[in-house]
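Below, each chain spelled out in residue letters.
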Amino acid sequence: STTLPYPREVVARLGDVAVNQPVHFNYPDSRSPCVLIRKGREVKVGVGPDRDVVAYSTQCTHMGCPVNYDQKAETFKCPCHYSVFDPDNAGQMVIGHATESLPRIILEYDEAEDALLAVSVDGLIYGRQANII
Ligand code: FES
């Protein structure tokens, strides 16, 4: 059911996250690989004191291949059919065969703990009928 609650999970301490270095985690369960990026500048859906942190599912919305974060281009690239997704624009596809944006992991920042928490997902993770299964 889509009414099941999302877990709240600490992904990283902001102070430990280097700019433009992907941090891998799984959310909302162990079979769903994701990545968090601290951009070092404010982006559209960024969280944290500098509004610069974003996170996405790394399963391509076309056929589920794992996308890679290209640190030079600052985009996610799918090696299977070359879709490209923009982390600065809510995971929107820039080029390619996918028809959906990369599912975005909704983050919250806990200032007291300097913690980045995953709290929900915007978009359907590839291959699922509901994100919480
Ligand atoms: Fe990613 Fe086809 S699986 S573009």
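Residues numbered from 1 in each chain as written. Predicted model: local features only at pLDDT ≥ 70, side-chain atom pairs only at ≥ 80, totals over all residues. Heavy atoms only, no water.

A few words now on the environment of A90. Topologically, A90 is positioned in the loop between β7 (84-86) and β8 (92-95). When the C-alpha positions of A90 and K44 are compared, they lie 6.8 Å apart, and in sequence the two are 46 residues distant. Setting aside residues no more than four positions away along its own chain, A90 makes contact with V45, Y56, S101, L102 and R104. (Helix = DSSP H or I, 4+ residues; strand = E, 2+ residues; numbered from the N terminus. Contact = heavy atoms within 4.5 Å.)

On to the state of the cysteines, then. Under the defined criterion, the tally for this structure stands at one disulfide. Between the sulfur of C65 and that of C80 lies a disulfide, 1.9 Å long from S to S. Because the torsion about its S-S bond is -90 degrees, the bridge between C65 and C80 counts as left-handed. A residue pair is termed long-range when its members are at least 10 positions apart, and C65 in the loop between β4 (53-57) and β5 (68-70) and C80 in the loop between β6 (75-77) and β7 qualify at 15 residues. Relative accessible area serves as the criterion here: at 16%, C65 is assigned to the buried category. Classification of C80 by relative accessible area gives partly exposed; the value is 33%. There is no disulfide at C34, and the cysteine sulfur nearest it, in C60, is 14 Å away. Given the relative accessible area of 1%, C34 is considered buried. (Disulfide = S-S within 2.5 Å. Buried < 20%, exposed > 50% of the residue type's maximum accessible area, 1.4 Å probe, protein only.)

So, on to the confidence of the model for the protein chain. Parts of the model with low pLDDT should not have their predicted coordinates read in detail. Of all residues in the protein chain, 98% have pLDDT values of 70 or greater, and the mean over the chain is 95. Here the predicted complex scores 0.95 on pTM and 0.99 on ipTM. (pLDDT = per-residue confidence, 0-100.)

Here we have four strands laid out as an open sheet, ordered β5-β6-β7-β8, and antiparallel in their pairing. Each edge of the sheet is formed by a strand with only one pairing partner; in this case those strands are β5 and β8. On average, adjacent strands in this sheet sit at an angle of 40 degrees to one another, irrespective of strand direction. (Pairing = 2+ DSSP bridges. Axes fitted to C-alpha atoms, helices over the stretch in contact; angles between N-to-C directions.)

With that out of the way, let us pick up the side chain of N131. Along the polypeptide, N131 turns up in the segment after β10 (115-122). The buried category is assigned to N131, whose relative accessible area is 7%. Of the polar contacts made by the side chain of N131, one reaches the side chain of Y6; its length is 3.1 Å. Here G123 takes part through its backbone oxygen, which lies 2.9 Å from a polar atom of the side chain of N131. (Polar contact = N/O pair within 3.5 Å; in protein donor to acceptor, adjacent residues only side chain to side chain.)

The phi angle of most residues is negative, glycine excepted, and most peptide bonds adopt the trans form. Here Y27 and P28 are connected by a cis peptide whose omega angle stands at 0 degrees. With respect to the helices and strands, the residue P28 is situated in the loop between β2 (23-26) and β3 (33-38). Positive phi values are uncommon outside glycine, yet R51 reaches one of about 50 degrees. Checked against the element boundaries, R51 lands in the loop between β3 and β4.

All right, on to the pairing of β3 then. Counting buried residues in β3 gives five out of six residues, a clear majority hidden from the surface. Judged from the four bridges that link them, β2 and β3 form a sheet pairing that is antiparallel. Looking at the pairing, V23 lines up with L36 of β3. Counting the residues between successive antiparallel strands, the hairpin from β2 to β3 contains six residues.

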